[in-house]
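# Structural overview
Next come the chains, spelled out residue by residue.
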Amino acid sequence: MSPQPQAAVGAPLSRVDGRLKVTGQARYAAEFDIDGAVHAVIVDASIGRGRITGVDTDDAEAVPGVLRVIHHGNAPTLPYRDNSSGSNNLPGRKLRVFQDDRVLFHGQPVAVVVATTLEAAQHGASLVKVRYDAERPTTDLAEGEPGEPTGYARGDAVAGLRDADVRLDLTYRLARNHHNPMEPHATIARWDGNRLTVWDKTQWVYGTQLELSTVFGLPLDSVRVINPYVGGGFGSGLRCWPHTVVAGLAARITGRPVKLVLTRRQMYFGTGFRPSYDYRLSLGGDRNGRLVAADHRIDAETSSYETFTEAVMTPGQMLYSTPGVRQAYRTVPLDVHTPIWMRGPGAATGVFAVESAMDELAHELGIDPIELRRRNEPAQDPSNNAPFSTRRLLECYTVGAREFGWQRRKPKPRSTRDGDWLIGMGMAAGVYHTAVSPAQSRARLNADGTAVIECASSDMGPGTYTSQTQVAADALGLAVRAVDFRLGDSRYPQTPPHGGSQTMASVGSATLDVCNQLRRQAVRLAVEDEESPLHGVSPDDIVVRGGRLHVQGNPARGESYQRLLTRNGRARLEADTSFTPPRGERFSISGYSATFTEVAVDATLGLVRVRRMLSVYDAGRIISPKLADSQAIGGMVGGIGQALLEHTVTDHRDGRIVNANLADYLVPVNADIPDLRAIYLDGEDYDADPLGVKGLAELVICGVAPALANAVFNATGRRVRELPITAEALL
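As a convention, each chain's residues are numbered from 1 in the sequence order in which they are written. Residues qualify for local features only when their pLDDT is at least 70, as the model is predicted, and side-chain atom pairs are given and counted only at 80 or more; totals for whole chains, interfaces and linings, by contrast, use all residues. In computing side-chain values, all of the structure's heavy atoms are included and hydrogens and water are not.

## Details of the overall build of the chain
Cut-off, in case you're wondering: Secondary structure counts use DSSP, requiring at least four H or I residues in a row for a helix and at least two E residues in a row for a strand, with both numbered from the N terminus. We compute the radius of gyration from the C-alpha atoms alone; for a globule the expected value is 2.2 Å times N to the 0.38, where N is the number of residues. Think of it in three bands: with a 1.4 Å probe and only protein chains considered, a residue is buried below 20% of the maximum accessible area for its type, exposed above 50%, and partly exposed in between. In this analysis, two residues are considered to be in contact whenever any of their non-hydrogen atoms come within 4.5 Å of each other. Calculation of accessible area relied on Shrake-Rupley with a 1.4 Å probe; when residues are assessed, cover is drawn exclusively from the protein chains displayed. His residues and chain termini do not enter the charge count, which takes Lys and Arg as positive and Asp and Glu as negative. Just so you know, the charge point we use is NZ for Lys, CZ for Arg, CG for Asp and CD for Glu.
In terms of regular secondary structure, the chain is built from 17 helices and 30 strands. Taking 2.2 N^0.38 as the reference for a compact globule, 731 residues should give roughly 27 Å; the C-alpha atoms of the chain span a radius of gyration of 27 Å, in line with that estimate. Across the 731 residues in the chain, those meeting the buried criterion constitute 62%. Of the contacts formed within the chain by residues at least 6 apart in sequence, a portion of 81% connects residues at least 24 apart. For the chain, the accessible surface area stands at approximately 27300 Å², while carbon and sulfur atoms represent 46% of it. In the chain, 79 positive and 83 negative side-chain charges are present, and the distance between their average locations comes to 2 Å.

Have a look at this one:
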């Protein structure tokens, strides 16, 4: 068929849900007004490991308005019927809330108070007295006992390092980071007979539905999950957390709908986090700047009751052409809550180590950091010898260096000053694999010329409503205002988790396919209708624009959807699809970036200030430039936080998180954010998916932290290998 005109895709449109958000009409999980709802407040464990020996609820139950205090001593046994393979996405498999007396981490839910008002529930929770037989927890990565390593190897890394002209033995330490989205996690749970409905902050409707059906032993279709809006997630909503189960249990016991909202403090131990890492890297090269070998030894924290892993090894396997590579990745079980993916999962950590080491090697060899990277650019994926679908990293370097003014950088550290400030420039490459998953969608074209598309995806801020509307509008030949894209309900067709930069590629491809089906139905109806101006025309010669079907190149010959459907007595046309990624393992498909930054460091105080930052992206087709800029700037801000500010501090005596608040856990604010700029290379990658996109949301944070660390070295001559970079490290 003739290609559809593209009026919406690629246009810098404002968010279709923007007005709802700024006027307060967009409702988030805790904002739904459910008749008869009561309030629940969780009582958190005050020890980091041990057993509960008693729970005194008398004072709490005496508070006016308190309905129930639920804990392991009076909670019913939950079936936890096995509904799945028990992946990382389903935490209830091993942490069974209120089912026994064990305490596995500080802050674990040990009771919940349900009351008619929030104030009564809060007061009641403060009066619950829990006695423990406490043990000393192990929460320090350096003190844990690592598990068996996961390995990767090619060539002979040992011999390569032994014979290398230059060898660097480096250790990088990355602090635990928490997501800190604007919206706290919250759940409203309501039972109707043996059917459960939850309004929940989640990035994966189906995952939450599956977990709740598992915990409560229900058929999958007896659980409904609703979340039309998510106020930021960054990965924190990629699984069903214990508080959602607690809300469901409290609602069942009390026979009332229950609203449970985590406090900001509880967000630090009620949901997951980016785990801390010890990353030891030995890197060897020859005098010409060619890498010969690398040995990666990685330790990452996980919980004592689950094993969490992420793809931290990938950058070290395929970012550069290195003949000998050896990797060992070990998880270290600790008495902590289970980690979860955080923006740029795995890659942001792996890239920091690799790109910091590349900068060190460039300095040791006296080679420009960009030139060193160019000399080690692979022709195909070194990890599996697969050809790249597209890899335009060299172009990212060229464009970025030109636009940033890299030629003004002085390679000798401490060579540039501005008064008391030491000025430095740094850069780093970034990579994130392109994920594409099966997704389902359904759509209808109404007789009034409007369309409705439904799928169970989420929108935590990247603009799913808008980008999917753009794809649908062009596929159907409609104005954006004529398309109603709906998401966030488990009754809609199933989609993958809203994370891993896969929503545009996966859900977008399903949207494209289902809307193409609808348009083709309308075209067939027109060419078979003897009363249509398009009767007898080849379907391949018909396009749709502005809701009007017409012959390609002859807009005068055609008619509107509205007229066609009305004349044929059709109230609507309907279609559904199950999109399956078409590609196998033929190509290595990833997005790439080059990030350039300039910092100023106070020579006396060691304070670091970011002056400007530029990132250039090879991310395939850009569906929405405005949304892309929002993603890129947000990723840069997150990378600034990871590099300079964010650090979850644990008191290892009892496992308590010391800085579980936004006064002491530092995140970037407006005053920290300088001139940020993003450039996207024109192009598409149809080997990745039918839309030609490669994903952006994760890529944009990868490479920011090492670029900043490398700039700090250029400014000060001090190489900091521990994140966040503090003033103390520079004094």
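What follows continues from the structure just given.
## A look at the packing of aromatic side chains
Put simply, the rule is: Each Phe, Tyr or Trp ring (for Trp, its six-membered ring) is paired with any other whose centre lies within 6.5 Å, and the angle between the two planes then decides the class: stacked below 30 degrees, edge-to-face above 60, tilted in between. Two limits define a charge over a ring: the Lys NZ or Arg CZ must be within 6 Å of the ring centre, and within 35 degrees of the ring normal.
Using the criterion set out here, one finds 13 aromatic pairs in the structure. A centroid spacing of 5.4 Å and a plane angle of 85° characterise the contact between Trp 191 and Phe 216, whose relative ring orientation is edge-to-face. Separated by 25 residues along the polypeptide, Trp 191 in strand β9 (residues 186-192) and Phe 216 in helix α5 (residues 205-216) bring together distant segments of the chain. Look at Trp 191 and you get buried, because its relative accessible area is 14%. With a centroid separation of 5.9 Å and an interplanar angle of 35°, the aromatic rings of Phe 404 and Phe 596 are classed as tilted. With Phe 404 in helix α11 (residues 393-404) and Phe 596 in strand β25 (residues 590-602), the pair connects residues that are 192 residues apart, well separated along the chain. Residue Phe 404 shares its accessibility class with Phe 596, and that shared class is buried. Aromatic ring contacts, followed pair by pair, group Tyr 28, Tyr 229 and Tyr 465 into a single cluster. Directly above the ring of Phe 404 sits Arg 612, whose terminal nitrogen or CZ lies 3.8 Å from the centroid.

## Section: the state of the cysteines
Cysteine pairs can be linked by a disulfide, which is a covalent bond between their two sulfur atoms. The following threshold applies: Disulfides are defined as cysteine sulfur pairs within 2.5 Å.
Inspection of every chain in the model, using the stated rule, returns zero disulfides. Cysteine Cys 455 shares no disulfide, and the gap to the nearest cysteine sulfur, in Cys 515, comes to 10 Å. Residue classification places Cys 455 among the buried residues on the basis of a relative accessible area of 0%.

## Side note on the sheet that holds β25
Note the cut-off: Pairing between strands requires that DSSP locate at least two bridges from one strand to the other. Helix axes use the C-alpha atoms of the stretch in contact, all axes being lines fitted to C-alpha atoms, and the angles between their N-to-C directions lie in the range 0 to 180 degrees.
Strand order across the open sheet formed by five strands is β16-β17-β25-β26-β29, with mixed pairing between neighbours. Of all the strands in the sheet, just β16 (417-418) and β29 (675-680) have a single pairing partner and so form its edges. Running over the sheet, α11 touches β17 (421-433), β25, β26 (608-618) and β29 and is turned about 30° from β25.

## Some words on α11
Three- or four-residue spacings in an α-helix give side chains the same orientation, since the helix completes a turn every 3.6 residues. Inclusion rule: How far a helix is expected to stretch is found by multiplying one less than its residue total by 1.5 Å.
Counted at 1.5 Å a residue, the expected span for α11 with its twelve residues is 16 Å, and the 16 Å between its end C-alpha atoms agrees. Listed as buried for α11 are Leu 393, Cys 396, Tyr 397, Val 399, Gly 400, Ala 401 and Phe 404. Check the buried side of α11 and you find it contacts α10 (369-375), β17, β25, β26 and β29. Count one or two residues on from α11 and you reach Gly 405, which has phi positive near 80°.

## Concerning unusual backbone geometry
Put simply, Leu 723 and Pro 724 share a cis peptide bond, and its omega is 0°. Note on placement: Pro 724 falls in the loop between β30 (722-723) and α17 (727-730). Backbone geometry at Ser 501 places phi at a positive 55°, although glycine is not the residue there.

## Let's talk about the environment of Phe 32
Of note, Phe 32 is situated in the loop between α1 (18-22) and β1 (38-44). The spatial distance from the C-alpha of Phe 32 to the C-alpha of Trp 199 is 7.7 Å, given a sequence separation of 167 residues. In this structure Phe 32 touches Arg 27, Ile 188, Trp 199, Pro 228 and Lys 259, once residues within four positions along its chain are discounted.

## Re the pattern of salt bridges
Applied cut-off: Should a side-chain nitrogen of Lys or Arg be within 4 Å of a carboxyl oxygen of Asp or Glu, the pair is scored as a salt bridge.
Enumeration over the complete set of coordinates arrives at 39 salt bridges. Of the charged contacts, one joins Arg 719 and Asp 359 as a salt bridge, the two residues approaching to 3.0 Å between their closest N and O atoms. Taken together, the residues span a long stretch of sequence, with Arg 719 in the loop between α16 (704-716) and β30 and Asp 359 in helix α9 (residues 347-365) at a distance of 360 residues. A relative accessible area of 4% places Asp 359 in the buried class. Here the salt bridges share partners, and the residues they tie into one network are Asp 359, Glu 360, Arg 719 and Arg 721.

## Details of the environment of Gly 344
One can find Gly 344 in the loop between β15 (324-334) and α9. Exposure remark for Gly 344: the relative accessible area of 0% places this residue in the buried category. Separated by 32 residues in the primary sequence, Gly 344 and Asn 376 have C-alpha atoms spaced 24 Å apart. Aside from chain neighbours lying at most four places away, what touches Gly 344 is Arg 274, Tyr 432, Glu 698, Ile 701 and Cys 702.

## A short note on the sheet that holds strand β4 (residues 102-103)
Spatial ordering of the open sheet is given by β4-β2-β6, a layout of three strands whose pairing is antiparallel. The outermost strands of the open sheet, each flanked by one partner alone, are β4 and β6 (129-134).

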